[in-house]
Amino acid sequence: MLPLLLSWLHATNDLFGAFLTPLLPKLQAAFGVSYGAVSVLVAVYSLTSSLLQPVAGLIADRFDRRLLAALGPVLVALGGGLMGFFPTPLALAVALGVSGLGSALFHSAGAALVGQYASPERRGFWLSTFGSGGYLGLSLGPIVSLGVVNAGGLQALAWLIPVVLVPALLLLRQAPPAAVKGKPSSFADLARVFRGQVARLWAVSTLRSITFMSFSTTIPFWFAQRGLSDAQTALALSVYSFSATAGAFLGGTLSDRFGRRNVLVGTMAFAIPLYVGLLTLPPESLLYVPLLAVTGALMNAGIPVAVVMAQEHEPTQMATVSGLLMGFTWGFAGLLYGVVGPIIERVGVVPSLAVLGLLLVPALTLSLAVREARPRGTAARSPNA
């Protein structure tokens, strides 16, 4: 089935995309530069892979999405797998910029293909499965990259590149060409779709993401202030991350049965009081980790639902709206966290997180204003779907 193949490709794409951060100390030693110099590499990759996703979506809506979905992960694998062969940080930065663009192309084109080939009744399930493939790759990336480099050095990463070629070639072989019909997409189309229902969905996802990201990145700082052990911090982060993955999968799946808007609104409505509970319940409590798990799941459950809804509102611009609702959302939230972080350090963890939690209120209000797309759209299915 093509949606399952795209989920596999998503796992390999994000596997190589997750190589960079854990290898920064080794790259610093290899290049003989400051840690600040190599950390710029993360900014370059994040910029091209996240914030450029709407532009990548426009490209994917102009050309054969199948080719772009296969090419993108190959570019990511070349950037991540050949890191040990670049002579200077500048050369690696250029390569990672191209690699990040490949990731942006894949996420936009891949999500659009999943929405295109999945039946409307199961579109939420398959987009959730697609997203889960990415989470799996992100989880395995640090383990795989450090294991390979510790065993054979940075250049040994190149041996992993064929891992991405198998699903990429299978996609080219099994998926029919996704020819663009009608007028090619342009920046005017981006301006057109980025309003109304899609704009509301983007705002809901961004507000959720800012709150989610701020809480997860602050857990180590908060727990250290309270004198909690590293083991407790690691457990909390793992539970929060795993529950977010499970929530994203369940959210999209349940939306097929109970309706997109109902799941989007319902998960937000239940998440708000639970988030308040996380700020009032002591982290040392035995109930804290279970509460953290449920809250993390509800906070992330609406993300794939919003992507599906955006695709169903704009069936002719699926890649463009997918880029807006996926990478651009997280990239924009990440930029805002650059402001949030110093505020948390100055004002304090709980007061700052409490104020950030207020962002969930307008997110809920906007969720209530979103309409279901009627009809949900037709799926251009292939014999393999």
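Residues numbered from 1 in each chain as written. Predicted model: local features only at pLDDT ≥ 70, side-chain atom pairs only at ≥ 80, totals over all residues. Heavy atoms only, no water.

**Some thoughts on the packing of helix H10 (residues 196–225) against helix H16 (residues 349–357)**
Logical step 1: Two elements in contact, H10 and H16, have axes separated by 10 Å at closest approach and are oriented at 170°. Taken as axis vectors, H10 and H16 run roughly antiparallel relative to one another. Contacts between H10 and H16 involve Ile210, Thr211, Ser214, Phe215, Thr218, Phe221, Trp222 and Gln225 from the first element and Val349, Val350, Leu353, Leu356 and Gly357 from the second.
Logical step 2: For the contact of H10 with H16, the per-class residue count stands at 8 nonpolar, 5 polar and no charged. (Axes fitted to C-alpha atoms, helices over the stretch in contact; angles between N-to-C directions. Helix = DSSP H or I, 4+ residues; strand = E, 2+ residues; numbered from the N terminus. Parallel < 35°, antiparallel > 145°, perpendicular 65-115°, else oblique. Contact = heavy atoms within 4.5 Å. Nonpolar A, V, L, I, M, F, W, Y, C, P; charged D, E, K, R; others polar.)

**Description of helix H4 (residues 53–60)**
Logical step 1: Most of H4 sits out of view: 6 of its 8 residues are buried.
Logical step 2: Gln53, Pro54, Ala56, Gly57, Leu58 and Ala60 are the residues of H4 that are buried. (Buried < 20%, exposed > 50% of the residue type's maximum accessible area, 1.4 Å probe, protein only.)

**Considering a nonpolar patch on the surface**
Logical step 1: A contiguous nonpolar patch, built from Leu67, Leu165, Leu169 and Leu172 and spanning about 330 Å² of accessible area, is present on the exposed surface.
Logical step 2: Owing to a relative accessible area of 44%, leucine 67 belongs among the partly exposed residues under this scheme. (Patch = residues over 30% accessible without salt bridge, like charges linked within 9 Å, V, L, I, M, F, W, Y side chains within 5 Å. Areas by Shrake-Rupley, 256 points an atom, 1.4 Å probe, with all protein chains shown as cover. Salt bridge = Lys/Arg side-chain N within 4 Å of Asp/Glu carboxyl O.)

**Re the packing of aromatic side chains**
Centre distance and the angle of the planes are the two values used to describe a pair of aromatic rings.
Logical step 1: Scanning all chains against the criterion turns up 11 aromatic pairs.
Logical step 2: Both rings, one in phenylalanine 215 and one in tyrosine 240, keep their centres 5.5 Å apart while their planes meet at 50°; by these two values the pair is tilted. On the criterion of sequence distance, the pair formed by phenylalanine 215 in helix H10 and tyrosine 240 in helix H11 (residues 230–258) is long-range, its members being 25 residues apart.
Logical step 3: Among the aromatic side chains, those forming a connected cluster through ring pairs are Phe212, Phe215, Trp222, Phe223, Tyr240, Tyr275 and Tyr288.
Logical step 4: Above the face of the phenylalanine 125 ring, arginine 122 is positioned so that its terminal group lies 4.4 Å from the ring centre. (Phe/Tyr/Trp six-rings, centres within 6.5 Å; stacked < 30°, edge-to-face > 60°. Lys NZ or Arg CZ within 6 Å of the ring centre and 35° of its normal.)

**Topic: the confidence of the model for the chain**
Logical step 1: When pLDDT is averaged along the chain, the result is 85; 93% of the residues meet or exceed 70.
Logical step 2: The model gives residues 376–385 a pLDDT under 50, and that stretch makes 32 contacts with residues more than four places away or in other chains. (pLDDT = per-residue confidence, 0-100.)

**Considerations on empty space enclosed by the protein**
Logical step 1: Taken as a whole, this structure holds 1 cavity of 30 Å³ or more when the rule is applied.
Logical step 2: Surrounding the largest cavity, Phe16, Gly17, Phe19, Leu20, Tyr45, Gly80, Met83, Leu96 and Ser99 form its lining.
Logical step 3: When contributions to the lining of the largest cavity are tallied by element, the ones reaching two or more residues are helix H1 (2–17) and helix H6 (89–117). (1 Å grid on protein atoms, 1.4 Å probe; cavity = no way out; pocket = protein on both sides within 12 Å on 5 of 7 lines; lining within 4 Å. Points joined across faces, edges and corners; volume = space filled by probe spheres on them.)

**Description of the environment of alanine 236**
Logical step 1: Take alanine 236: it is sitting in helix H11.
Logical step 2: Relative accessible area serves as the criterion here: at 1%, alanine 236 is assigned to the buried category.
Logical step 3: The spacing of alanine 236 and methionine 326 is 90 residues in sequence and 25 Å in space, taken between C-alpha atoms.
Logical step 4: With near-sequence residues (within four places) excluded, alanine 236 lies in contact with Ile219, Phe223 and Leu292.

**Some words on the nonpolar core**
Note on soluble globular proteins: their nonpolar side chains tend to be buried together.
Logical step 1: One finds Leu27, Leu171, Phe215 and Leu325 to be the most contacted residues of the largest nonpolar core, which totals 103 residues.
Logical step 2: Examining the composition of this core, we find that 13 residues originate from one element, H10, more than from any other.
Logical step 3: Discounting residues that sit within four places of it in the chain, leucine 171 has contacts with Leu2, Leu5, Leu6, Leu9, Arg66, Ala69 and Ala70. (Core = buried A, V, L, I, M, F, W, Y, C linked by side-chain atoms within 4.5 Å.)

**Notes on the pattern of salt bridges**
Logical step 1: In total, this model carries 5 salt bridges according to the counting rule given.
Logical step 2: Glutamate 284 is the salt-bridge partner of arginine 226, the closest N and O atoms lying 3.2 Å from each other. Of this pair, arginine 226 sits in the loop between H10 and H11 while glutamate 284 is found in the loop between helix H12 (260–280) and helix H13 (288–313), placing the two residues 58 residues apart along the sequence.
Logical step 3: Glutamate 284 sits in the partly exposed class, given a relative accessible area of 40%.
Logical step 4: Taken together, the shared-partner salt bridges connect Arg123, Asp256, Arg260 and Glu312 into one network.

**Digging into the packing of H11 against H13**
Logical step 1: Packing of H11 against H13 brings their axes to within 6 Å, and their N-to-C directions diverge by 40°. It follows from the interaxial angle that H11 and H13 lie oblique. Once H11 is placed against H13, the crossing between them reads as right-handed. Residues Leu235, Ala236, Val239, Tyr240, Ser243, Ala244, Gly247, Ala248, Gly251, Gly252 and Ser255 of H11 touch H13, and the partners they reach there are Val289, Leu292, Ala293, Gly296, Ala297, Met299, Asn300, Ala301, Pro304 and Val305. (Left-handed = near helix turned anticlockwise from the far one by under 90°.)

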